[in-house]
Amino acid sequence: NVAPQGILGTPVIDTAANRIYAAALIAGTTPTYHLFGIDLTTGAVVFNRVVQPSGFDWKIQQERGALALANGYVYVPFGGRAGDCFDGSIPYYGYVVGVPSTGNVPNKVFRTPSGAESVWAAGGVLVDDTSHNVFFATGNAIPCSGASMSDSIVRVSPTLTSPTFFQPNDWQANWCGPDSDLGSAS
């Protein structure tokens with residue numbers, strides 16, 4: 001549970017573009033997440049893009065996991081701000097946002113189907129060098145019953161579509177029910 005502004009997730013370096021990318025929550029009337037690209041030689045901000053998908057609630061969502069760079073995107077994971085938090089009756093979700101590192105095309109977004117299936121592990125997002133698919137772990141859903149990607153390892157395409165996932169057979173009894181969060185570690 002962290003103060004609502006600044007950088008929490010590990011940035012990623014783009015050696016080809018000579019920049020470092022970091023996601024930060026910027027204070028304001030409505031605080032907003034931005035992805036910044038900083039030139040490694042000059043220290044100048046050369047990239048600044050808003051990273052908030054439709055339906056995203058900054059009061060309960062937080063970026064904590066490491067960023068990944070691949071496929072022309074910077075992948076930014078999101079989970080819950082304060083553990084198992086809700087905004088009234090509205091749950092947080094796990095998000096991965098693919099922000100294009102060049103051009104002015106829309107962000108790609110993956111959102112977990114069930115509430116609280118958070119993408120918040122410190123290791124963040126991983127990308128397979130061969131298939132270019134994106135992998136991440138999810139935390140436990142709230143409630144456990146009816147959840148579809150609770151405590152899972154999820155694989156999506158480079159554009160964050162076509163999800164498939166591995167979920168342990170004992171996910172509900174030994175992961176979700178006791179709030180053990182398979183997704184608390186990468």
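Residues numbered from 1 in each chain as written. Predicted model: local features only at pLDDT ≥ 70, side-chain atom pairs only at ≥ 80, totals over all residues. Heavy atoms only, no water.

Quick rundown of the side chain of R19? Include the residues and the values.
Position of R19 relative to the elements: it lies in strand β2 (residues 19-26). As a buried residue without a salt bridge, R19 has its nearest oppositely charged side chain in D14, at a separation of 5.7 Å. Beyond its immediate stretch of four places on either side in the chain, R19 contacts V12, I13, D14, G37, I38, D39, L40, V46, F47 and S101. (Helix = DSSP H or I, 4+ residues; strand = E, 2+ residues; numbered from the N terminus. Buried < 20%, exposed > 50% of the residue type's maximum accessible area, 1.4 Å probe, protein only. Lys, Arg positive; Asp, Glu negative; His and termini not counted. Salt bridge = Lys/Arg side-chain N within 4 Å of Asp/Glu carboxyl O. Contact = heavy atoms within 4.5 Å.)

Talk me through the packing of aromatic side chains; I want residue IDs and the actual numbers.
One pass over the full model with this rule turns up eight aromatic pairs. With 5.5 Å between their ring centres and 90° between their planes, Y21 and F47 make a pair best called edge-to-face. With Y21 in strand β2 and F47 in strand β4 (residues 45-50), this pair connects stretches of sequence that are 26 residues apart. Positioned above the aromatic ring of Y93 is the side chain of R111, whose terminal nitrogen or guanidinium carbon lies 3.6 Å from the ring centre. (Phe/Tyr/Trp six-rings, centres within 6.5 Å; stacked < 30°, edge-to-face > 60°. Lys NZ or Arg CZ within 6 Å of the ring centre and 35° of its normal.)

Got a sec to walk through the pairing of β4? Specific residues and values, please.
As judged from the five bridges shared by strand β3 (residues 32-39) and β4, these two strands associate in the antiparallel manner. By the bridge assignment, F36 is partnered in β4 with N48. Between the antiparallel neighbours β3 and β4 lie five residues, among them G43 with a positive phi of about 80°. (Pairing = 2+ DSSP bridges.)

An account of unusual backbone geometry is needed here, citing residue identities and associated values.
Note that the residue after I142, namely P143, is joined by a cis bond; omega there is -5°. Mapped onto the secondary structure, P143 falls in the loop between β13 (134-137) and β14 (153-156). With phi around 75°, A116 is a residue other than glycine that occupies positive phi space. Looking at the secondary structure, you find A116 in the loop between β11 (108-111) and β12 (126-127). The residue L160 is not glycine, and still its phi comes out positive at about 70°. Considering the arrangement of structural elements, one finds L160 in the loop between β14 and β15 (164-166).

Lay out the environment of S162 with the relevant residues and their values.
Position of S162 among the secondary structure elements: in the loop between β14 and β15. For S162, a relative accessible area of 56% gives the class exposed. Put simply, S162 and A82 are 80 residues apart on the chain and 29 Å apart in space, counted from C-alpha to C-alpha.

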